[in-house]
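Chain residues, written in single-letter form:
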Amino acid sequence: MADAREAGLCDVAIVGGGMVGASLAVALEGLGLSIALIEAVPHDAAAQPSFDERTTALSNGSRRVLETLKIWDAVAPAATSIHRIHISDRGHFGFARIEAAELGLAALGYVVPNRVLGRALMGALEARAEVELYCPARVTEINRTPEWVELNVARGGGEPRWLRARLVVAADGAGSAVRAAFGVVAEVRDYEQTAVVTTVTPRKFHDHVAYERFTENGPLALLPTTQGGCVLVLTLAPALAERAMGWSDAEFLAEVQRRFGHRLGRFLQVGRRTAYPLALSRSLRTSAGRCVIIGNAAQGLHPVAGMGFNLGLRDAASLAELLAARRAEAGDPQLLADYDAWRAGDRRLVIAFTDGLVRLFANPLAPVHQLRNLGLLAFDLLPPAKSALSALSIGSGGRVPKLARGVPLRRAEVSA
Ligand SMILES: Cc1cc2nc3c(=O)[nH]c(=O)nc-3n(C[C@H](O)[C@H](O)[C@H](O)COP(=O)(O)OP(=O)(O)OC[C@H]3O[C@@H](n4cnc5c(N)ncnc54)[C@H](O)[C@@H]3O)c2cc1C
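Residues numbered from 1 in each chain as written. Predicted model: local features only at pLDDT ≥ 70, side-chain atom pairs only at ≥ 80, totals over all residues. Heavy atoms only, no water.

Quick look at the sheet that holds strand β3 (residues 55–58) now. The 3 strands lie next to each other as β3-β7-β4, forming an open sheet whose pairing is antiparallel. For this open sheet the edge positions go to β3 and β4 (80–82), each flanked by a neighbour on one side alone. The average undirected angle you get between the axes of adjacent strands in this sheet is 25 degrees. Across 3 bridges, β4 lies against strand β7 (residues 109–113) in antiparallel orientation. When the sheet's bridge partners are listed, T80 is paired in β7 with V111. (Pairing = 2+ DSSP bridges. Helix = DSSP H or I, 4+ residues; strand = E, 2+ residues; numbered from the N terminus. Axes fitted to C-alpha atoms, helices over the stretch in contact; angles between N-to-C directions.)

Now for empty space enclosed by the protein. For the structure on display, the rule yields 2 cavities of 30 Å³ or more. Put simply, the largest cavity is a space of about 70 Å³. Together, R5, G8, L9, C10, S34, I35, A36, E130, E132, Y134, R161 and L163 line the largest cavity. Listed by contribution, the elements that provide at least two residues to the lining of the largest cavity are β1 (9–15), β2 (35–38), β8 (131–134) and β11 (161–170). (1 Å grid on protein atoms, 1.4 Å probe; cavity = no way out; pocket = protein on both sides within 12 Å on 5 of 7 lines; lining within 4 Å. Points joined across faces, edges and corners; volume = space filled by probe spheres on them.)

Quick look at the site of the ligand now. Inspection of the region around the ligand gives 30 residues, with E39, S50, A57, N296 and F309 positioned closest. At 2.6 Å from an oxygen atom of the ligand is found a side-chain nitrogen or oxygen belonging to S50. Here N310 contributes a backbone N or O atom positioned 3.0 Å from an oxygen atom of the ligand. Burial of the ligand by the protein chains amounts to 90% of its free accessible area of 1,000 Å². (Near = heavy atom within 4 Å. Polar contact = N/O pair within 3.5 Å; in protein donor to acceptor, adjacent residues only side chain to side chain. Areas by Shrake-Rupley, 256 points an atom, 1.4 Å probe, with all protein chains shown as cover.)

Moving on: helix α2 (residues 19–28). Counting buried positions along α2 yields 10 of 10 residues, so the element is predominantly enclosed. Regarding α2, the residues found buried are M19, V20, G21, A22, S23, L24, A25, V26, A27 and L28. Trailing α2 by a residue or two, G30 shows a phi angle of about 85 degrees, which is positive. (Buried < 20%, exposed > 50% of the residue type's maximum accessible area, 1.4 Å probe, protein only.)

It is at 9 Å that the axes of α2 and helix α5 (residues 114–126) come closest, and there the two elements cross at 30 degrees. The pairing of α2 with α5 is recorded here as roughly parallel in orientation. Handedness of the crossing formed by α2 with α5: left-handed. Contacts from M19, A22, S23, A25 and V26 of α2 reach α5 at N114, L117, L121, M122, A124 and L125. Here the contact of α2 with α5 is composed, by residue class, of 9 nonpolar, 2 polar and no charged. (Parallel < 35°, antiparallel > 145°, perpendicular 65-115°, else oblique. Left-handed = near helix turned anticlockwise from the far one by under 90°. Contact = heavy atoms within 4.5 Å. Nonpolar A, V, L, I, M, F, W, Y, C, P; charged D, E, K, R; others polar.)

So, in structure tokens, the structure goes:
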């Protein structure tokens, strides 16, 4: 493996070491593959776009993947469990609750700072030998041959280097250049909404409840974090979001209070605000040639249901499982076809659910409001609907990856 590495040859080159690409690299360890991970921005740099100041709500399935990969212990001290989700529609009567205990679960999910996840994943990679980490480094050119994918890697401060990989994984985010190099188009629909993300401190303890409140301008989510604080994801029309970024803390808190109400008492403090323009991007294919497309490069979702990373982690877990069981080299067309077939159902369901939710609650028509309220009430009264949503968040739109069931991956006999 060392000689091949010197010659720039590898089985799998992962372009993008953000949340999903780094998770895949960790999952591929120990499977007898030589791996190159190319990431443009170090995980602890202020400009890292994936491991930034956001938090991520992880599903139980994602927690299990991280546990199986031995990452969870490093994340757990900074994680806050969600025991209840409260969903409401501002100015209307309907609301719904989902209780972990009602579903026989210890928690519905966990809120984790992205930076902590980045430290844990990158720390694990630095300690292991099979992954060659190129960071800061950027893939600037891609050539396709029948046998290999050739990647020109521009390294920060160093000489550029050509790598040759049997399989390249596009984990380089929604605007994926790797996806484009393989001629795969992504459909993009601008939601004309911007998420303003920050932390707020309410007077009352959050008691491990996550709130999703639909307002006339878009959803507002409050997620519980450590030390009684909450993460706020406030979705606004772009022009209003721009103004909100410039409001004083007092003005900002007054607006949040107006939209959220007083369930948690008065909001006392607000942290630094960051704005994220929101769009749905959906790659028309999840593989092409010797390339597999995962995470945001395959689907960039609205954060309303907190499903983007959870879905991307299942992409990574499924691909790792297929590579562990491979009977041929990593870029085998059958393996790629199996990947496409496996991911299609889960992807379709989660994209439809998330997009449907955004559209439903963005609709100003009165009959739609009424239906929405009835829908929330019915949802609150119907345990099967809650179990279905909880199952969706675990990723049971079909075959659940081994890692999400707590089963470690093992290397199979490779015949080619
Ligand atoms: C406000 C907000 C809140 C969210 N909350 C949640 C949540 O609670 N739960 C949830 O499941 N999901 C959530 N998401 C979604 C989640 O953030 C994404 O699904 C996740 O970031 C996808 O990770 P990724 O690694 O696929 O892509 P990205 O995070 O986009 O990472 C791509 C990486 O590729 C690197 N890169 C790009 N081009 C190159 C190149 N040419 N060479 C080398 N490296 C390159 C970038 O530097 C980056 O590190 C949220 C999203 C937003 C916007």
